[in-house]
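Residues per chain are reported as follows:
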Amino acid sequence: MKKSKNKHKKYHFIIWPIVTIFIAILLFFAALQTPQVKERIKSTIISYAKKNNIDLKIEKITGTLPFEYNLKNVSLQTKDQKIDIQDVIFRLRLLSLIKKELNFSLFYANEIKIE
């Protein structure tokens, strides 16, 4: 009988950390879907563009973050040019971010106006 109790304890030490990590990952992805996090991502993108002398406006971010992003009514303006885009849809290759590279598995822009 003691062996079976010890066996169950070993399984608990293995299973509970796995379940905890899985729940933490689910909560992380669920948090990315909230309007507050999407707004924070939007403001981060805009402030990064501003540091590079680009006036960027994004009306709304939708999509299933961090997998697919859909930016609505995007406007980019530099001192020489202005670009308006109705929809920008892209998917990032997340593993490339570890290498500090930005790679896309999908990039689509709709109704582009260049002035």
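For the structure, see preceding data.
Note that the structure is a prediction, hence the values are computed from the model and not measured.

Peer 1: Would you mind showing me how to read the sheet that holds strand E1 (residues 55-62) here?
Peer 2: Where strands meet in a sheet, backbone hydrogen bonds hold them as pairs that are either parallel or antiparallel. One open sheet accounts for four strands, arranged E1-E2-E3-E4; its pairing is antiparallel. The open sheet is flanked by E1 and strand E4 (104-114), the only strands paired with a single partner. Along the sheet, successive strands turn relative to each other by an average axial angle of 20 degrees, direction set aside. In terms of strand pairing, strand E2 (residues 68-77) meets strand E3 (residues 82-92) through nine bridges, oriented antiparallel. Bridging across to E3, serine 75 finds its partner in aspartate 84. Against the sheet, helix H2 (residues 35-51) makes contact with E1 and E2, and its axis sits at roughly 160 degrees relative to E1, the strand it touches most.

Peer 1: Would you explain the nonpolar core in this entry?
Peer 2: Across soluble globular proteins, nonpolar side chains have a tendency to be buried as a group. By size, the foremost hydrophobic cluster in this structure holds 14 residues, and its most contacted members are Leu71 and Val74. Every element with two or more residues in this core is listed here: H2, E1, E2 and E3. When residues in this core are grouped by element, the largest group, four residues, is from E3. Beyond its immediate stretch of four places on either side in the chain, valine 74 contacts Leu56, Lys57, Ile58, Ile83, Asp84, Ile85 and Val88.

Peer 1: Quick question: what am I supposed to make of H2 here?
Peer 2: Given 3.6 residues per turn, any residue in an α-helix points the same way as the ones three and four places further on. In this model, H2 (17 residues) spans 24 Å end to end at C-alpha, consistent with the 24 Å of a helix rising 1.5 Å per residue. Among the residues of H2, Lys38, Ile41, Lys42 and Ala49 are the ones counted as buried. Viewed along the axis of H2, the buried residues span an arc of 100 degrees, placing them on a single side of the element. Within H2, the exposed residues directed more than 90 degrees away from the buried face are Gln36, Arg40, Lys50 and Lys51.

Peer 1: Looking at this model, I keep getting lost on the side chain of lysine 42. Mind explaining?
Peer 2: Relative to the helices and strands, lysine 42 is located in helix H2. The class of lysine 42 is buried, set by a relative accessible area of 12%. Separated by 2.9 Å, the side chain of lysine 42 and the backbone oxygen of isoleucine 58 make a polar contact. Not counting residues up to four positions away in its chain, the partners in contact with lysine 42 are Ile58, Glu59 and Ile61.

Peer 1: Can you walk me through the pairing of E1 in this structure?
Peer 2: Residues in a regular strand project their side chains so that they alternate between the two faces of the sheet. Sheet analysis places E1 next to E2, joined by seven bridges and oriented antiparallel. If you follow isoleucine 61 over to E2, its bridge partner there is leucine 71. Taking the residues between adjacent antiparallel strands as the criterion, E1 and E2 are bridged by five residues, where glycine 63 takes a positive phi near 115 degrees.

Calculation criteria
- Residues numbered from 1 in each chain as written.
- Predicted model: local features only at pLDDT ≥ 70, side-chain atom pairs only at ≥ 80, totals over all residues.
- Heavy atoms only, no water.
- Pairing = 2+ DSSP bridges.
- Helix = DSSP H or I, 4+ residues; strand = E, 2+ residues; numbered from the N terminus.
- Axes fitted to C-alpha atoms, helices over the stretch in contact; angles between N-to-C directions.
- Contact = heavy atoms within 4.5 Å.
- Core = buried A, V, L, I, M, F, W, Y, C linked by side-chain atoms within 4.5 Å.
- Buried < 20%, exposed > 50% of the residue type's maximum accessible area, 1.4 Å probe, protein only.
- Expected span 1.5 Å × (residues − 1).
- Arc of directions from axis to C-beta.
- Polar contact = N/O pair within 3.5 Å; in protein donor to acceptor, adjacent residues only side chain to side chain.

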